[in-house]
Amino acid sequence: MTTEQTELFRKAVLEVLSANPSRRGLPASAIAHHMGIYGFPDCRMDDLLDALDYLERRDPPLVDQALKIISKENKAWRITEAGEAFLDS
Amino acid sequence: MKTLPAERQAAIVEYALSHSLSETVKWLRDDNVQTSSTALSLFLSWYRLQQRLAVNESTVESLLEDLKRNDPSLTLTQLEQAGQAFFSKLAIEQEDSLTWKRIQDAKLKLGALDLSLKKFQRDTAEMFLKWFEDKRAKDHLNSSASNSDKIEQLGQLMFGEDWKK
């Protein structure tokens, strides 16, 4: 992915998570499914997990995990207030 | 549009149900909401996903209520873990069923295409047969054979085995 595509991809992840009104997180497979709406219909799981990792490590974090779980297949993410603010900016 | 009041968002979605994207964009512009077809389309997808996840959340909450009633010894952490697991499972299963439905729809469309291709092939074959028979008939009529020979050949062509009986 080019720098611009990576930026759009990360933004798309935030858009999907912002559609979740629940305080609970969305698993990666569900996020991947909805990436198509934002122009990434063939979203690769590795790319998605990298993007989630990047967004989680940002200062302040733009996403966080609903529960601290070690196995990546059981992890679930949600958008933070900083993530919402980033989308609104 | 994501920051509009919930009632306004619901009204937009309802209007979009019975109108095209461009009609809805025009309707919104008339109401001082500036948007594009792309932005509106994204908003509609976002809204539907949000509604579905909100329903999932309330399903999970009522399941947790049942769990708590059945087993009051469950800790808050255990309930939180169970709630997250239910929520994740619902999201994954819904996506699976949506994917399954899309595959079935695609298969149905492919089936319809297959049927129409077969019909096209059959019609073409019939047309070709008719054209071929007409051509053979013309060839017989234009040949230098005598009239009785032409009648004989045409009769065989038209009636086949029945001609000789």
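Predicted model, so just to flag it, every value in this text is computed and none were measured.

Let's talk about the overall build of chain A
Okay, so step 1: When helices and strands are counted, chain A shows four helices and three strands.
Okay, so step 2: Element order for chain A, N to C, with α for helix and β for strand: α-β-α-α-β-β-α.
Okay, so step 3: Here chain A holds 89 residues, and the buried ones make up 38% of them.
Okay, so step 4: When contacts within chain A are restricted to residue pairs at least 6 apart in sequence, those whose partners lie at least 24 apart make up 49%.

A few points about the packing of helix 2 (residues 21-30) of chain B against helix 3 (residues 37-70) of chain B
All names here are of chain B.
Okay, so step 1: The geometry of helix 2 relative to helix 3 is characterised by a closest axis approach of 9 Å and an angle of 100 degrees between their N-to-C directions. As summarised for this structure, helix 2 and helix 3 are arranged roughly perpendicular, according to the angle between their axes. Side by side, helix 2 and helix 3 meet where L21, S22, T24 and V25 of the first sit next to S37, L40 and S41 of the second.
Okay, so step 2: Among the residues making up the contact of helix 2 with helix 3, the classes are represented as three nonpolar, four polar and no charged.

Re the confidence of the model for chain A
Okay, so step 1: When pLDDT is averaged along chain A, the result is 89; 94% of the residues meet or exceed 70.
Okay, so step 2: Within chain A, the element-level pLDDT minimum falls on helix 2 (residues 28-34) of chain A, averaging 89, and the maximum on helix 3 (residues 45-57) of chain A, averaging 95.

What to know about the sheet that holds strand 1 (residues 26-27) of chain A
All names here are of chain A.
Okay, so step 1: On the basis of which strands lie adjacent, the open sheet formed by three strands has the order 1-3-2 and antiparallel pairing. Each edge of the open sheet is held by one strand with a lone partner, namely strand 1 and strand 2 (63-65).
Okay, so step 2: By the bridge criterion, two bridges tie strand 1 to strand 3 (residues 76-79) in an arrangement that is antiparallel. In the sheet register, L26 faces strand 3, and the bridge partner there is W77.
Okay, so step 3: Across the face of the sheet, helix 1 (residues 3-18) comes into contact with strand 1, strand 2 and strand 3 while running at roughly 90 degrees to strand 3.

Here we look at the packing of helix 1 of chain A against helix 3 of chain A
All names here are of chain A.
Okay, so step 1: The interhelical angle for the contact between helix 1 and helix 3, taken along N-to-C directions, is 80 degrees, at an axis separation of 10 Å. If you check the angle between helix 1 and helix 3, you find them roughly perpendicular. On helix 3, the residues touching F9, R10, V13 and L14 of helix 1 are D47, L48, A51, L52, Y54 and L55.
Okay, so step 2: Grouping the amino acids of the contact of helix 1 with helix 3 by side-chain chemistry returns eight nonpolar, no polar and two charged.

What to know about the nonpolar core
Okay, so step 1: V13, L17, I31 and L48 of chain A are the most contacted members of the largest nonpolar core, which has 30 residues in total.
Okay, so step 2: Mapped by element, the contributors of at least two residues to this core are helix 1, helix 2, helix 3 and strand 3 of chain A together with helix 3 and helix 4 (76-142) of chain B.
Okay, so step 3: Those residues in contact with I31 of chain A that lie beyond four places of it in its chain are V13, V16, L17, L26, L48 and W77 of chain A.

What counts, and where the lines are drawn
- Residues numbered from 1 in each chain as written.
- Chains lettered and ligands numbered in written order.
- Predicted model: local features only at pLDDT ≥ 70, side-chain atom pairs only at ≥ 80, totals over all residues.
- Helix = DSSP H or I, 4+ residues; strand = E, 2+ residues; numbered from the N terminus.
- Buried ≥ 20, exposed ≤ 12 C-beta atoms within 10 Å, placed from the backbone.
- Contact = placed C-beta atoms within 7 Å.
- Axes fitted to C-alpha atoms, helices over the stretch in contact; angles between N-to-C directions.
- Parallel < 35°, antiparallel > 145°, perpendicular 65-115°, else oblique.
- Nonpolar A, V, L, I, M, F, W, Y, C, P; charged D, E, K, R; others polar.
- pLDDT = per-residue confidence, 0-100.
- Pairing = 2+ DSSP bridges.
- Core = buried A, V, L, I, M, F, W, Y, C linked by C-beta atoms within 7 Å.

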